[in-house]
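If you want the building blocks of each chain, they are given just below.
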Amino acid sequence: MASSFSSTHQPKIFHVFLSFRGEDTRHGFVSHLYKALCQRGIYTFIDNDLPRGEEISAELLKTIESSTTSIIVFSENYAFSTWCLEELAKIVECRTNKQSVRPVFYKVDPSEVRKQEGNFGEALTMHEEKFNDKKKIQRWRKALCEAANLAGWDSKNSRDDAELVQSIVEDISKSILYKMLLPVAEYPVGINSRAKDVLKSLNIESNDDIRILGIYGLGGVGKTTIAKAIYNRISYHFEAKIFLENVREKSITKGIIHLQETLLSEMLANRNLKVPNISRGTNMIIESLCPKRVLIILDDVDNLDQIKKLLGKCDWFAPGSRIIMTTREKRLLDTFGNGVSTYLVKELNRIEAIELFSKHAFRSDKPNENYLELVNRVICYAKGLPLALVVMGADLYERTEPEWESALNKYEKIPSRDIQKILEISYYGLEETEQHIFLDIACFFKGYNYDEVVDILGTCDLYPVLGIKKLIEKCLLTEKGNTLWMHDLLQQMGREIVRQESQGNPGQRSRLWNYEEALDVLTEDMGSDKIRGIMLRSPESKSTTVPLETQIFRKMKNLKFLIIHNVHFHGGLEYLPYGLRLLDWDAYPFSSLPSSFCPKKLVVLRMPRSRIVEPLMQIRAFEFVRHVDFRRCPFITEIPDLSMCPNIKELDLSGCENLVEIENTVGRLDKLEVGARGTYGLCFSLRTSKLSHRPLDNPRLYTSCQNLSFGNLIGLRELHIGTYEQPCHLPGSIYNLQHIEKLYVCGNFIFAKDVEIDRQPLCNSLGGFSKYVFPSLKNLILTSFPNQSEIDFILNYCCPVTLERLDISYSEIEVALPESISRCERLHSLHISIWEIPRLPRSLRYLVLTNKWPPPLSSKSIFHRFRELIGVPPNLPPCLGVTSHMLMGTPSSTTISLASAFPLGKYVNNEIPSCFNHERNGNLISFLIGPEFPTIALCVAFESPNDYSVYYHAIISINGSKRTTENIRVTGRLFYGRTCFSCISLQELFEGFNLGDENLVEIFCEASPVYPGVEFSNIIWIGVHVQCICPQPQKSIIFHDNDCIQPRGRRISKRNVHQRLRPSLLKGPNFILRRLYNTQYRSTLWPTPSTSLQPLLKARKISNKKRPLVARSRKWLCGAQTRCRCPKEVGSTYSAGPVSVHSSNLESRTISSAMNGGGSSSVSNSGLSMDVKNGSDLDLEFDSTISDQYPQSKKRRTS
């Protein structure tokens, strides 16, 4: 960049100061160098317009001081200029302040400069004669000598000036870049890992194409920080680059033209460029930058227009260019074009959050131990948002515990202003309807089902389908499993916006969610027509009792949402606003709704556990009502005519113990459906006797339920139906449910038989035809069924051959499956209490059997039957397998959905392990497979099972490539005798994966609680039945099992070890170790539930002085009779030699070996540590952790 520098100008900070002899190089080499530096964006000083004289100006001296780097161009006549020599002396002086100095020897020899010979010697002699100042001359000589000894460039090493200039510019660019890095963060915790993830998408080394990347996420999550870190790492690769910060804000405050000028001046190194108008500015950018490989980062863009006016369509850049944008709006990236890749910045994990907060609050990596509880509150509050952690950490630094407590109490009610102003930027960028949706969800509907929220807000003229989509695109909302969520700080931001509507009077706000404030409004009659919604939810474990005025809601004409939980009112209620869309009142205390209540747009009526008697009489004409919930209302006895409520999607009357009659119009509610969240449209429980005091042994008093009709529910996909006491006869209309896919029947039901059905018979599981078949049925769950004949009827005549899941559990009888079950060729899951197993379909992949005691079927016989079904070869010999640490950390993996579940058992009995050729304690197991995918039967066991359900999954690795099965939920109450098996198809899980001749497979099972914070059982044992190519163990041919090393007292006898091993010494250390493995303590390597023995054998190289150990035996530790196939990557070390012995961590307790025809033996991993070469002694060390009986022994030496 040209610099016109006069005495009236203040000195500027330059990247490079050029010192040169004008008459030698100004119009040649230096002009080219200056231009090239400027084109790279390097702010360079050149003294084109400075007046010359004997004395150098003070301003020029200050310029030298403030420059980052000085380049001295030594040319033939450089030393004849006292001006140049004064510049040089000042430059060398500034080196002490860490300024970079780089010499260029342009057509001069560096030795002439260093030794002051040739022209340089003549010039200094001339100056000595002219100036009678030996001190000055000596300073110049010293400066010349020091500068000549610095690393620089010699023109003799370049073909021409162009090559020399290019070399200088490249080196200076890298060094300047290092010194002019963008400030990233004071403590960049978590930044590096995220920046690396982004760089993988950019592929900087490739020059074949233009790559555009969008980094998006909620405000304060670190998008800009990550972008700066990326800029610092890669910017030196590009001819032109810029980090254009705060595009959204500057486009408003300074305008697009200012941004265009900034972009051009930075990338072209010309700060005098002016843009006449926006269109011309866009063209100037395209014309100026199109031939260059550029890096452009646009920070915080929020609309497509900004990008187009700054970059056009981004298709004109030179190949190898990279464009990065940060934004809060994913939609902007989606609409920009097909070539945009995206990266979602996620919040910090707990470990990262604690570290970042500790850096700011304690100036340490870890928190102060006295503050741990308070730190935990901060971490829970911030939910991994870096902005909040930084702001709160700085605020709490060096404060006392009481001050922390006070600050946190305030934060939880009123957010920090610094956090609020960043987060609310997104809110104020929304349209009015979107703002209402955001505030409604923040105040009331976080965690609600998406469909329900859409139904509610749709009647408020808010157009929620599009509005919610936009909130998700702007990272203000997320959808998890059809449930709406938002970050806690975004929720607090929204609630704070509402609180600011009226800080002193909550009755004047639009929404009330705080329990104390909402209670004050209702009990103090502070309501107004500004209130849009009220949520009154007592935080107490028991419900709070408060008085209620009959007309308390009279002032709230615009009330649309009323949610009351865990609060018991006494008094009366005579009025509810007509504009209600949601009435959610748990344990409603009155017998009826107000007689005048006639809401025209009520969508959700949820009143479980209420004392209401005839609620449905009042909603019969509610056209908009879609969700009705009267669960466990003891006074409801019948469902009236609902023909005037055609839009009901969900009707839940389960637990209404006195419900005896369902009106036929329920069958005409054709919108009852299974929601995306997996719920059902119709749920009810029927009492089977009209009056509870009537004698139940009189069959004439049983209600036949013939008044229940399913005739018009032809679209129903899922039905849950239960009965409490005596048999309930289902009507023949149930067979009209031709689209039913899941049928859950609980209790003593009798299905109609010998009824007229107007349709053609369909194929049933017997192979014949039946008019009672549910043709679409996939899942059938029958619980608490007391009648075997009824089960036989359902399975034989009602089930299609396409049935996929059958669950007959909690039955009072031992169920006998009919032989026809084998015809269900799609049945993959079976859960049953069974006395004998018939021939099952080969499609079965998940089998759960519940046995009474004594069990009529052994677990072993069950497994053999299951093994036959899935095609696992029988009688596979036990295998030591191989071990590794690949999965001991937290593996990153690709999630794969898998339909089959994994089995469990409450305990591992003696016969179960014998069914599996691979088994071990813990949750990690490994083995080798050949070039074809085998089928795996897997069994795991949990410790101390409790009543809580548990999730678990398996991470399966083949040669380091990992797949993760979906989470499987295992129900609680794992009572005695329950056994489960499942099958995994590796070919399905690793579709498209190519196997080699030998492949290492590792299975790592993890358990997690279904309900957060609830204690759950860990996996303690894992067994696998698989056809593998692992080496097989053999029994010892030297000692019998009863002739082995015996413990003496609390130690293992050195003498016994010595005596037992001496005959084996010539066999080699590999054979010795195998002998030790075959002692009576092998049960500690193949443990059972009754043992906790964990001996650790160690062997170390001692010296080369004793007689050699010659490894002559061809029987190795694993017992294989052929060359071992264990892969080299197993174990932490591997060395050439006749034997490599591998062991796992302490929990693995399996050993294997690998042969390699060299001259040494090594034992690797934490279980065995050994390196024995020919001519070495062997030192054996026994570390026993055998409960408390055998403490760690000292070293024992043997010859």
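Residues numbered from 1 in each chain as written. Predicted model: local features only at pLDDT ≥ 70, side-chain atom pairs only at ≥ 80, totals over all residues. Heavy atoms only, no water.

## Regarding the overall build of the chain
Assigned secondary structure in the chain consists of 30 helices and 53 strands. Here the chain holds 1199 residues, and 54% of them are scored as buried. A separation of at least 24 residues holds for 68% of the contacts in the chain among residues at least 6 apart in sequence. Total accessible area on the chain is roughly 53400 Å²; 48% of this is exposed by carbon and sulfur atoms. (Helix = DSSP H or I, 4+ residues; strand = E, 2+ residues; numbered from the N terminus. Buried < 20%, exposed > 50% of the residue type's maximum accessible area, 1.4 Å probe, protein only. Contact = heavy atoms within 4.5 Å. Areas by Shrake-Rupley, 256 points an atom, 1.4 Å probe, with all protein chains shown as cover.)

## Here's the deal with the sheet that holds strand β2 (residues 44-45)
Here five strands make up an open sheet; going across it, the order is β2-β1-β3-β4-β5 and the pairing parallel. Each end of this open sheet is capped by a strand with a single partner; those strands are β2 and β5 (153-154). As paired strands, strand β4 (residues 100-105) and β5 are joined by two bridges and run parallel to one another. Residue F105 lies in a different strand from β5, and its bridge partner there is D154. Helix-sheet contacts for helix α2 (residues 29-39) involve β1 (16-20), β2, β3 (69-74) and β4, and the interaxial angle to β1 is about 175°. (Pairing = 2+ DSSP bridges. Axes fitted to C-alpha atoms, helices over the stretch in contact; angles between N-to-C directions.)

## A closer look at the packing of aromatic side chains
Under the counting rule described, the total for this entry stands at 30 aromatic pairs. Seen in terms of ring centroids, F17 and F45 are 5.2 Å apart; in terms of plane orientation they differ by 10°. Their pairing is stacked. Of this pair, F17 sits in strand β1 while F45 sits in strand β2, and the two are 28 residues apart along the sequence. Under the relative-accessibility criterion, F17 is labelled buried at 0%. We classify F45 as buried; its relative accessible area is 0%. Measuring from ring centre to ring centre gives 6.3 Å for Y231 and F243, while their planes differ by 75°; the resulting arrangement is edge-to-face. With a gap of 12 residues between them, Y231 in helix α10 (residues 223-234) and F243 in strand β7 (residues 240-244) connect regions that are remote in the sequence. F243 shares its class with Y231; the two are buried. Residue placement shows K136 over the ring face of F131; its charged tip is 5.4 Å from the ring centre. (Phe/Tyr/Trp six-rings, centres within 6.5 Å; stacked < 30°, edge-to-face > 60°. Lys NZ or Arg CZ within 6 Å of the ring centre and 35° of its normal.)

## Digging into unusual backbone geometry
Unusually for a residue other than glycine, K383 sits at a positive phi of about 50°. Of the residues examined, K383 reaches a relative accessible area of 39% and is grouped as partly exposed. The phi dihedral of Y463 is positive, around 50°, even though this residue is not glycine. Within the secondary structure layout, Y463 lies in the loop between α22 (450-458) and α23 (464-473).

## Some points on the nonpolar core
What tends to happen in soluble globular proteins is that the nonpolar side chains get buried as a cluster. Ranked by size, the top nonpolar core spans 117 residues in total, and within it I296, L311, F357, W404 and F445 carry the most contacts. Broken down by element, the residue count for this core peaks at eight residues, all from helix α21 (residues 432-445). Other than its neighbours up to four places away in sequence, L311 contacts L263, I296, L298, W316, F317 and I323. Counting 90 residues, the second-largest nonpolar core is a separate cluster that includes L512, I531, L583 and C824. (Core = buried A, V, L, I, M, F, W, Y, C linked by side-chain atoms within 4.5 Å.)

## Re the packing of helix α4 (residues 82-94) against helix α7 (residues 134-148)
In the contact formed by α4 and α7, the axes pass within 9 Å of each other and the chain directions differ by 65°. Relative to α7, the element α4 lies roughly perpendicular. Relative to α7, the crossing made by α4 is left-handed. In this structure, α4 contributes T82, L85, E86, L88, A89 and V92 to the contact, and α7 contributes K136, R139, W140, A143, L144, E146 and A147. When the residues that make up the contact of α4 with α7 are grouped by side-chain class, the tally is eight nonpolar, one polar and four charged. (Parallel < 35°, antiparallel > 145°, perpendicular 65-115°, else oblique. Left-handed = near helix turned anticlockwise from the far one by under 90°. Nonpolar A, V, L, I, M, F, W, Y, C, P; charged D, E, K, R; others polar.)

## Digging into the pattern of salt bridges
In the structure shown here, the tally under the stated rule is 42 salt bridges. Measuring nitrogen to oxygen at the nearest pair gives 3.5 Å for the salt bridge that ties E287 to R280. When the shortest N-O distance is used, the salt bridge between D334 and K330 registers 3.2 Å. Highlighted residues: D334 and K330, both in helix α15 (residues 330-336), separated by four residues, approximately one helical turn. (Salt bridge = Lys/Arg side-chain N within 4 Å of Asp/Glu carboxyl O.)

## As for the environment of V453
Relative to the helices and strands, V453 is located in helix α22. Taking the C-alpha atoms as reference, V453 lies 8.1 Å from P464; in sequence the two are 11 residues apart. V453 has contacts with I441, F445, Y448, G458, I468 and L484, leaving out every residue within four places of it along the chain.

## Brief notes about helix α25 (residues 515-523)
For an α-helix, the turn length of 3.6 residues means that residues three or four places apart are oriented alike. Of all the positions in α25, only Y515, A518, L519, V521 and L522 are classed as buried. Here the buried residues of α25 occupy an arc of 160° about the axis, which is enough to place them on one side. Where α25 is buried, its residues contact β13 (511-512), β14 (533-537), β15 (544-548) and β17 (567-571). A distance of 3.1 Å separates the backbone nitrogen of E516 from a side-chain oxygen at the start of α25, and that oxygen is part of N514. Immediately downstream of α25, the backbone of D525 shows phi near 55°, a positive value. (Arc of directions from axis to C-beta. Polar contact = N/O pair within 3.5 Å; in protein donor to acceptor, adjacent residues only side chain to side chain.)

## Focus: the sheet that holds strand β6 (residues 211-216)
As summarised here, the arrangement of the five strands in space is β7-β8-β9-β6-β10, forming an open sheet in which the pairing is parallel. Two strands bound the open sheet, and with one partner strand each, they are β7 and β10 (340-344). Adjacent strand axes in the sheet meet at a mean angle of 15° when their direction is disregarded. Most of the contacts of helix α12 (residues 256-268) go to β7, to which it runs at about 145°, and overall it touches β7 and β8 (294-298).

## Remarks on the side chain of Q260
Turning to its location among the elements, Q260 is positioned in helix α12. By relative accessible area, Q260 is classed as buried at 0%. Separated by 3.0 Å, the side chain of Q260 and the backbone oxygen of I278 make a polar contact. Residues in contact with Q260, not counting those within four places in the same chain, are V275, N277, I278, G281, T282, I285, K309 and L310.

## Thoughts on the confidence of the model for the chain
On average, residues of the chain carry a pLDDT of 74, and 70% of them reach 70 or more. Every residue in residues 1-11 scores below 50 in pLDDT, and together they form 26 contacts with partners more than four places removed in sequence or on other chains. Of the regions scoring below 50 in pLDDT, residues 973-978 engages in 26 contacts with residues more than four places distant in sequence or in other chains. (pLDDT = per-residue confidence, 0-100.)

## A word on the pairing of β3
Two faces make up the sheet, and in a regular strand the side chains alternate between them. With six of its six residues buried, β3 lies for the most part within the structure. Burial of the side chains of β3 extends over both faces: T69, I71 and V73 are buried on one face and S70, I72 and F74 on the other. Here β1 runs beside β3; their pairing, made up of five bridges, is parallel. Along β3, the bridge assignment pairs V16 with T69.

## Some words on the environment of E355
Mapped onto the fold, E355 is located in helix α16 (residues 350-361). Sequence separation between E355 and G190 is 165 residues, and the spatial gap between their C-alpha atoms is 9.4 Å. In contact with E355, other than residues within four places in its own chain, are V189, S364 and D365.

## Thoughts on helix α19 (residues 401-413)
Compared with the 18 Å implied by 1.5 Å per residue over 13 residues, the 19 Å span of α19 between its first and last C-alpha is a close match. All buried positions along α19 are accounted for by W404, A407, L408 and Y411. Projected onto a plane normal to the axis of α19, the buried residues spread over an arc of 100° and lie on a single side. Residues of α19 that are exposed and point more than 90 degrees away from the buried face comprise P402, K410 and K413. Considering only its buried residues, α19 is in contact with α16, α17 (372-382), α18 (386-396) and α24 (488-499). (Expected span 1.5 Å × (residues − 1).)

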